[in-house]
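Structural overview
Below are the chains, spelled out letter by letter.
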Amino acid sequence: QHGAFHVANLNAMFYKLSIDLIKNKYYPFVFIHEVIGDNFIFVLNIEWTYNMPAFCAVLTMNFLHDLIQLTKDLVQIRIGIGYGKLVYGMIGCCLRFFGESLNVSNRLQGICEKKYDNDG
């Protein structure tokens with residue numbers, strides 16, 4: 001509604017808040033893999049960290065709760081979560097992920113309602 005410059009500024013603020021949250025509370029278990037437009041792809045429980053499903057689920061929910069609380073005055077977040085094996089490799093100079101769980105999370109994010117309560 002306010003133009004591309006406003007969206008770019010919101011993305012920069014969201015990115016900074018996300019990085020600060022990861023550095024202060026979730027490193028090395030969470031990282032931003034990619035930013036595409038106004039979509040941020042966060043990766044948790046990658047194979048070089050702990051690989052326990054229960055740990056991953058709790059970590060994911062805690063991270064998302066904290067991220068929503070931290071950014072709720074800035075943006076409304078739509079989230080899709082996928083869990084499963086990914087194939088990854090370099091294409092050009094970029095690390096890319098492929099797999100059904102990435103596709104599922106993208107589809108879920110696309111149909112997610114844009115609302116939340118004040119308590120997150």
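Please refer to the structure placed before this passage.
Before going into details, it helps to say that this report is about the structure given with it. (Residues numbered from 1 in each chain as written. Predicted model: local features only at pLDDT ≥ 70, side-chain atom pairs only at ≥ 80, totals over all residues. Heavy atoms only, no water.)

**Some thoughts on the pattern of salt bridges**
Per the counting criterion, the structure on display carries four salt bridges. The closest approach of N and O atoms between K25 and D66, which form a salt bridge, is 2.8 Å. Of this pair, K25 sits in helix α1 (residues 4-26) while D66 sits in helix α2 (residues 53-71); the two residues are 41 residues apart in sequence, bridging distant segments of the chain. In this structure, the salt-bridge partner of E34 is R96, at a minimum N-O distance of 2.5 Å. A residue pair is termed long-range when its members are at least 10 positions apart, and E34 in strand β1 (residues 30-36) and R96 in strand β4 (residues 94-98) qualify at 62 residues. (Salt bridge = Lys/Arg side-chain N within 4 Å of Asp/Glu carboxyl O. Helix = DSSP H or I, 4+ residues; strand = E, 2+ residues; numbered from the N terminus.)

**Considerations on the packing of α1 against α2**
A pair of packed helices is captured by two measures, namely the crossing angle of their axes and the spacing between those axes. Contact pair α1 / α2: the axes reach a minimum separation of 10 Å and the direction vectors enclose 135°. Classed by the angle they form, the pair α1 and α2 counts as oblique. The interaxial crossing formed by α1 with α2 has right-handed handedness. Facing α1, whose interface residues are F14, L17, S18, L21, I22, K25 and Y26, α2 presents L59, N62, F63, D66, L67, L70 and T71. Here the residues of the contact of α1 with α2 are counted per class, giving nine nonpolar, three polar and two charged. (Axes fitted to C-alpha atoms, helices over the stretch in contact; angles between N-to-C directions. Parallel < 35°, antiparallel > 145°, perpendicular 65-115°, else oblique. Left-handed = near helix turned anticlockwise from the far one by under 90°. Contact = heavy atoms within 4.5 Å. Nonpolar A, V, L, I, M, F, W, Y, C, P; charged D, E, K, R; others polar.)

**Looking at the nonpolar core**
One finds F14, I22, Y26, V30, F42, F63 and L67 to be the most contacted residues of the largest nonpolar core, which totals 15 residues. Of all elements in the fold, only α1, β1, β2 (39-44) and α2 reach the threshold of two or more residues within this core. With five residues, the single largest contributor to this core is α2. Look past the residues within four positions of F42 in its chain and what remains in contact with it is F14, S18, I22, V30, F31, I32, F63 and L67. (Core = buried A, V, L, I, M, F, W, Y, C linked by side-chain atoms within 4.5 Å. Buried < 20%, exposed > 50% of the residue type's maximum accessible area, 1.4 Å probe, protein only.)

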